[in-house]
Amino acid sequence: MTTSLIKKTLWIIYGTVALIAIDSIITAIVYYLFHLTIENNYQFSSKIKSYLFIATLSLYVLSACIIAFWVTKKSRLKHYKGKENMPLLPFLALLISAIVIKPFTFYSSDKKLESALNDMSNTDYISSLNLSSISEFITNTIYICKWSTIILLVLYLFILNRYVKKH
């Protein structure tokens, strides 16, 4: 096995961990927005669902645009030479983010919902919500937006690769 293959594999792992960390951060933001709607006693209508869907989609598209912009910028350089060694500190920061943020988000979300259910002044409001339906909606929204964005990013990179090869 060559060191070149090992280094390329490490960069692939680095990219995968970076994507998981970005996904964890976006998930945390979406759940934060969800709890803001509950704390402000909004009824979970189609308007709120549309708001959460658009916010989720926007966050994923923004992250994909940043990645696409960075790759496009680097691909236009005539003599771009990628770093040989993977930067350890950013990798560790991304790895810790990828491991910690999503479980912490789910844990704190459950605790916030539990405290909202225990608050007697919100009993009527909380009991009017179908929390399992809302949770399913948020999970499906994140899933659809995540995979749609990854597919679009991969298609863009294939097109960019063809363009760079021709020029």
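Our subject is the structure listed above.
All of these numbers come straight from a predicted model, not from anything done at the bench. (Residues numbered from 1 in each chain as written. Predicted model: local features only at pLDDT ≥ 70, side-chain atom pairs only at ≥ 80, totals over all residues. Heavy atoms only, no water.)

J.: Sorry, what's going on with the nonpolar core here?
T.: Generally speaking, soluble globular proteins have nonpolar side chains that are buried together. Membership of the largest hydrophobic core comes to 15 residues, with the highest contact counts inside it found for Phe-34, Ile-138 and Ile-142. Contributions of two or more residues to this core are made by α1 (3-39), α2 (46-75) and α5 (131-166). At six residues, α1 tops the list of elements feeding residues into this core. Tyr-14, Val-17, Ala-21 and Ala-98 belong to the second-largest nonpolar core, a separate cluster that totals six residues. (Core = buried A, V, L, I, M, F, W, Y, C linked by side-chain atoms within 4.5 Å. Buried < 20%, exposed > 50% of the residue type's maximum accessible area, 1.4 Å probe, protein only. Helix = DSSP H or I, 4+ residues; strand = E, 2+ residues; numbered from the N terminus.)

J.: Quick question: what am I supposed to make of the pattern of salt bridges here?
T.: Close approach of charged atoms allows side chains with opposite charge to pair. In the structure shown here, the tally under the stated rule is two salt bridges. Asp-23 is the salt-bridge partner of Lys-102, the closest N and O atoms lying 2.6 Å from each other. Separated by 79 residues along the polypeptide, Lys-102 in helix α3 (residues 88-118) and Asp-23 in helix α1 bring together distant segments of the chain. The partner of Asp-23 in a salt bridge is Lys-146, and the shortest N-O contact between them spans 3.6 Å. Of the two residues, Asp-23 is situated in helix α1 and Lys-146 in helix α5; the sequence distance between them amounts to 123 residues. Taking relative accessible area as the criterion, Asp-23 reaches 7% and is therefore assigned buried. When salt bridges that share partners are traced, they join Asp-23, Lys-102 and Lys-146 into one network. (Salt bridge = Lys/Arg side-chain N within 4 Å of Asp/Glu carboxyl O.)

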